[in-house]
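Residue-level structure breakdown
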Amino acid sequence: MQKRWLIGGLTLATVMLSGCQSLTGWGGDALRTEAVVKSVHEPGCEKESCANVNAAYLRFPESPRLSAELERRLFGLASGLSDSPDGNAMGQATSFEAFADQVFAASRRAREDVPQLPGYEADLKADVVADHDDLLVIELDGYLYSGGAHGLPLTSYMVIERDTQQIVDLADMLQPGKRPAYEAALERAHRRWLETDQANGLSESQWPFVVSDNVAPLADAVAVKYQVYDLAPYAVGQPVLTIPYADLDGIFRSRYLP
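Here's a quick rundown of the structure. (Residues numbered from 1 in each chain as written. Predicted model: local features only at pLDDT ≥ 70, side-chain atom pairs only at ≥ 80, totals over all residues. Heavy atoms only, no water.)

In this section: the pattern of salt bridges. Think of it this way: side chains of opposite charge can pair up when their charged atoms draw near. For the structure shown, the criterion picks out 16 salt bridges. The shortest N-O distance in the salt bridge between E97 and K38 comes to 3.6 Å. Highlighted residues: E97 in helix α3 (residues 96–113) and K38 in strand β1 (residues 34–41), separated in sequence by 59 residues. Under the relative-accessibility criterion, K38 is labelled partly exposed at 28%. For K225, the salt bridge goes to E139, with nearest N and O atoms at 3.8 Å. Of this pair, K225 sits in strand β8 (residues 221–225) while E139 sits in strand β4 (residues 135–145), and the two are 86 residues apart along the sequence. The same class applies to K225 and to E139, which are both buried. A cluster of three or more residues bridged by salt bridges with shared partners is formed by R32, E34, R59 and E62. (Salt bridge = Lys/Arg side-chain N within 4 Å of Asp/Glu carboxyl O. Helix = DSSP H or I, 4+ residues; strand = E, 2+ residues; numbered from the N terminus. Buried < 20%, exposed > 50% of the residue type's maximum accessible area, 1.4 Å probe, protein only.)

Looking at the secondary structure, you find N54 in strand β2 (residues 52–59). The exposure class assigned to N54 is partly exposed, which follows from its relative accessible area of 25%. Apart from residues lying up to four places away in sequence, N54 is in contact with K38, S39, E121, A122, D123 and L124. (Contact = heavy atoms within 4.5 Å.)

Its location among the elements puts R108 in helix α3. In this structure the C-alpha to C-alpha distance between R108 and Y120, which are twelve residues apart in sequence, comes to 9.0 Å.

Counted by the stated rule, this structure contains three aromatic pairs. Seen in terms of ring centroids, Y57 and F75 are 6.2 Å apart; in terms of plane orientation they differ by 80°. Their pairing is edge-to-face. A residue pair is termed long-range when its members are at least 10 positions apart, and Y57 in strand β2 and F75 in helix α2 (residues 64–76) qualify at 18 residues. For Y57, a relative accessible area of 2% puts it in the buried group. On the basis of relative accessibility, which here comes to 0%, the residue F75 falls in the buried class. Ring-pair connections join several aromatic residues into one group, and the members of that group are Y57, F75 and F99. One cation-aromatic arrangement involves R255 over Y256; the distance from NZ or CZ to the ring centre is 5.6 Å. (Phe/Tyr/Trp six-rings, centres within 6.5 Å; stacked < 30°, edge-to-face > 60°. Lys NZ or Arg CZ within 6 Å of the ring centre and 35° of its normal.)

Further remarks concern the sheet that holds β4. Taking strand neighbours across the sheet as the criterion, the six strands line up as β1-β2-β3-β4-β5-β6 in an open arrangement whose pairing is mixed. Edge positions in the open sheet fall to β1 and β6 (167–168), since each of these has one partner strand only. Direction of pairing for β1 relative to β2: antiparallel, over a ladder of eight bridges. Across the sheet, A35 pairs through a bridge with L58, a residue of β2. In the packing of α3 onto the sheet, contacts are made with β1, β2 and β3 (121–132), and the angle to β2 comes to roughly 155°. (Pairing = 2+ DSSP bridges. Axes fitted to C-alpha atoms, helices over the stretch in contact; angles between N-to-C directions.)

So, in structure tokens, the structure goes:
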């Protein structure tokens, strides 16, 4: 009798544990990511001027909503490839396949006008760059080539709160009325950057300071990454201004300060 009770108890415990583990987030990470790698060559094209699309990004197995939003933002980086009147159609794809089809169509149209034009290239990437204080920070990168001397790199940050699983931006991080104080702290960071080797020889009159909301709360400081041509010539790349958290005390909500 005792042995039978023991076996029955173990069976019941196994069933209960199995049921609990089937619940979302049990024993795991609700923001767990998986790698997605895709590559496609322009179909029906065998010339050197064919287009190619490559992507290495992330999906959230526990959150289709966040997966879809990451893709929307990642493909949205390509809006600069569009030749539509509103300039945004290329950045409105909601799947890799649709995005690739748009790139191929744009490349074909460009070759009709200029047959010797090289094929378009689109390389997209997403990586986790910080995971601290219940914040997950993902960097979305795109490199887009549509002819000319060089391609265009683009970067955007995606910041997710672990407890709410909501995406937050700079407006969410700032305390009410503190936007001017943030801009002043960012301008101080710009002045520090002008003294680095990367900014050597730049004329502030030719390349004046501009504000960016592309903010990443990293473990040790806040990084603000700019696009090419925002603060400097193309050869300088994408400047990153760094703001110490001490400079944001009283400016950022305490939730976003370590």
